[in-house]
Amino acid sequence: MPIHRKPDWFLPEREATDESLYLNRRHILAGMAATGLLPAAAAAGTDVGKLTALKARRTVSLDETPTPLAAVASYNNFYEFGLDKGDPARNAGTLRPSPWSLAIGGAVAKPQTLDVDRLITSSALEERLYRLRCVEGWSMVIPWIGIPLSTLLKAAEPTGNGRFVAFRTLNDPKQMPGLRSPVLNWPYREGLRIDEAMHPLAFLAVGLYGRRLPNQNGAPLRLVVPWKYGFKSIKSIVAIDLVERQPKTSWNESAPNEYGFFSNVNPAVDHPRWSQAKERRIGEFLRRDTLPFNGYAAQVAGLYKGLDLRKWF
Ligand SMILES: Nc1nc2c(c(=O)[nH]1)N[C@H]1C(S)=C(S)[C@@H](COP(=O)(O)O)O[C@H]1N2
Ligand SMILES: [Mo]
């Protein structure tokens, strides 16, 4: 038996993911939709039954109720498939997540080209219940399956010159019709500082709810940085590069006054067009207070010591 040091942000492990428990929430979801508590897109639901099952070697839990799968898979932001929250579920059928190649390069001693199907079957997958908080004010709690980002980066042997990590999404208009509209500077790009990327909470998800990622959630591989706004969670990644300078990101390029590089979830600092103090957990009626660093301050606040978070928003 491998010995795991339990991370301090989690409650004790659960034995396994009780999928029926999640799926049984469907009737609750239907009820919520009927009373108008769920957006219409989520009420339509998505057939995720055909996705390949994934088994995690261990599950680490959090004292939160997961957002129902039907909502997780039908209320998305994925502009390559349209701007509406329901568009990705409707349109992402054209994405072909297998076979898929991921390139890891830049300031590394061992650049890699990985076959993502092989990566998924050969990795010790973990399940982590993480919150995802979006800048527009909605949030979800999702049982992600994947591997720590640091595992993948270390395998490429960073040289030490890469102070930042740059991520890039697929750029194929045949698979992603939204690329034909110039709503963002394509391909979708994101970035992290190296210490953020190496933090044990930074996660590369290949699945959720005990199965491979639905296309609309960023199949076959997407980033989850739970203490940051959702837009850092770049989907359908094809390239990860260690770089010397802070990389450009799609959202920062399109609206630099609204989206800084750091994307800290900061309830004390308003977005230029709205307050960020509250959020609506999808499926809930009353809004909750947004927590600093999305509730992960004890683990990550130290990364930003001495940084003026009003300036570096
Ligand atoms: N490639 C790509 N990744 C993306 C986006 C996008 O438009 N394109 N949207 C981001 C935003 S704004 C959010 S809030 C999250 C939402 O993830 P989810 O749809 O799985 O909930 O994905 C992020 N990743
Ligand atoms: Mo977002």
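Computed from a predicted structure; not experimentally measured.

Conventions we followed
For every chain, the first residue of its written sequence is number 1, and the numbers climb from 1 along that sequence. Going through the entries in the order they are written, you letter the chains from A and number the ligands from 1. Local features are withheld for residues below a pLDDT of 70 in this predicted model, meaning they are given only at 70 or higher, and side-chain atom pairs are given and counted only at 80 or more; totals for whole chains, interfaces and linings count all residues. Calculation of side-chain values draws on the structure's entire complement of heavy atoms; hydrogens and water are dropped beforehand. What counts as a helix is a DSSP run of H or I of at least four residues, what counts as a strand is a run of E of at least two, and both are numbered from the N terminus. The classification of residues rests on relative accessible area computed with a 1.4 Å probe and restricted to protein chains. Under 20% of the type maximum is buried, over 50% is exposed, and intermediate values are partly exposed. A contact between two residues is defined here by any heavy atoms of the two lying within 4.5 Å. Areas reported as accessible are Shrake-Rupley estimates using a 1.4 Å probe. Residue values count occlusion only from the protein chains shown. Pairs of strands are assigned from DSSP output, requiring at least two bridges between the strands. The nonpolar core is taken to be a set of buried Ala, Val, Leu, Ile, Met, Phe, Trp, Tyr and Cys residues, with the residues joined through side-chain atoms within 4.5 Å. A 3.5 Å cut-off defines polar contacts: any pair of N or O atoms within that distance qualifies, except that in protein one atom must be a possible hydrogen donor and the other a possible acceptor, and neighbouring residues in sequence count only when both atoms are side-chain atoms. Residues are classed as near a molecule or strand on a simple rule: at least one heavy atom within 4 Å of it. Following the grouping adopted for this structure description, the nonpolar residues are Ala, Val, Leu, Ile, Met, Phe, Trp, Tyr, Cys and Pro, the charged ones are Asp, Glu, Lys and Arg, and the polar ones are all others, Gly among them. UniProt positions are given in the numbering used here, feature names are shortened, and annotations may be inferred rather than shown by experiment.

When helices and strands are tallied, the chain shows 10 helices and 14 strands. The burial tally for the chain puts 56% of its 313 residues in the buried class. Counted over contacts in the chain with a minimum sequence separation of 6, partners at least 24 positions apart contribute 73%. Of the roughly 14,200 Å² of accessible surface on the chain, 53% is carried by carbon and sulfur atoms.

With that out of the way, let us pick up the pairing of strand E9 (residues 203–208). With 6 of 6 residues buried, E9 is to be regarded as a mostly interior element. Pairing analysis gives 3 bridges linking E9 to strand E11 (residues 222–224), with the strands arranged antiparallel. Bridge assignment links leucine 204 to a residue of E11, and that residue is leucine 223. Summarising the sheet, E9 and strand E10 (residues 211–212) pair through 2 bridges and their orientation is antiparallel. Bridge assignment links glycine 207 to a residue of E10, and that residue is arginine 212. Connecting E9 to the next strand, E10, in antiparallel fashion are 2 residues, including tyrosine 209 with a positive phi near 50 degrees.

Glancing now at the nonpolar core. Core analysis: the biggest nonpolar cluster contains 86 residues, and Leu149, Trp227 and Ile240 have the highest contact counts within it. With 7 residues, strand E6 (residues 138–148) is the largest single contributor of residues to this core. Other than its neighbours up to four places away in sequence, isoleucine 240 contacts Leu102, Ala103, Ile104, Gly105, Leu149, Leu153, Val165, Ala166, Phe167 and Leu204.

To continue, consider the side chain of serine 139. With respect to the helices and strands, serine 139 occurs in strand E6. What makes serine 139 buried here is its relative accessible area of 1%. Engagement of the side chain of serine 139 in a polar contact is seen with the side chain of glutamate 279, the distance being 2.7 Å. When neighbours within four sequence positions are excluded, serine 139 is seen to be in contact with Leu132, Arg133, Glu279, Arg280, Arg281 and Ile282.

The subject of this paragraph is the site of ligand 1. Lining the immediate environment of ligand 1, one finds 17 residues, of which Tyr79, Glu80, Cys134, Ser233 and Lys235 sit closest. Asparagine 77 places a main-chain nitrogen or oxygen 3.1 Å from a nitrogen atom of ligand 1. Backbone polar atom of tyrosine 79 to an oxygen atom of ligand 1: 2.8 Å apart, as the coordinates give it. The residue makeup of the shell around ligand 1, split by class, is 8 nonpolar, 6 polar and 3 charged.

Here, the residues flagged by UniProt with the feature "binding site: Mo-molybdopterin" (unreviewed entry) are Asn76, Tyr79, Glu80, Cys134, Thr169, Asn217, Arg222, Ser233, Ile234 and Lys235. Of note, glutamate 80 is situated in the loop between helix H4 (69–72) and helix H5 (87–91). With near-sequence residues (within four places) excluded, glutamate 80 lies in contact with Thr169, Met176, Pro177, Gly178, Leu179, Trp186 and Tyr188. Along the chain, the position of arginine 222 falls in strand E11. Under the relative-accessibility criterion, arginine 222 is labelled buried at 3%. Aside from chain neighbours lying at most four places away, what touches arginine 222 is Leu132, Trp144, Phe203, Leu204, Ala205, Leu213, Asn217, Ser233, Ile234, Lys235, Ser236 and Ile237.

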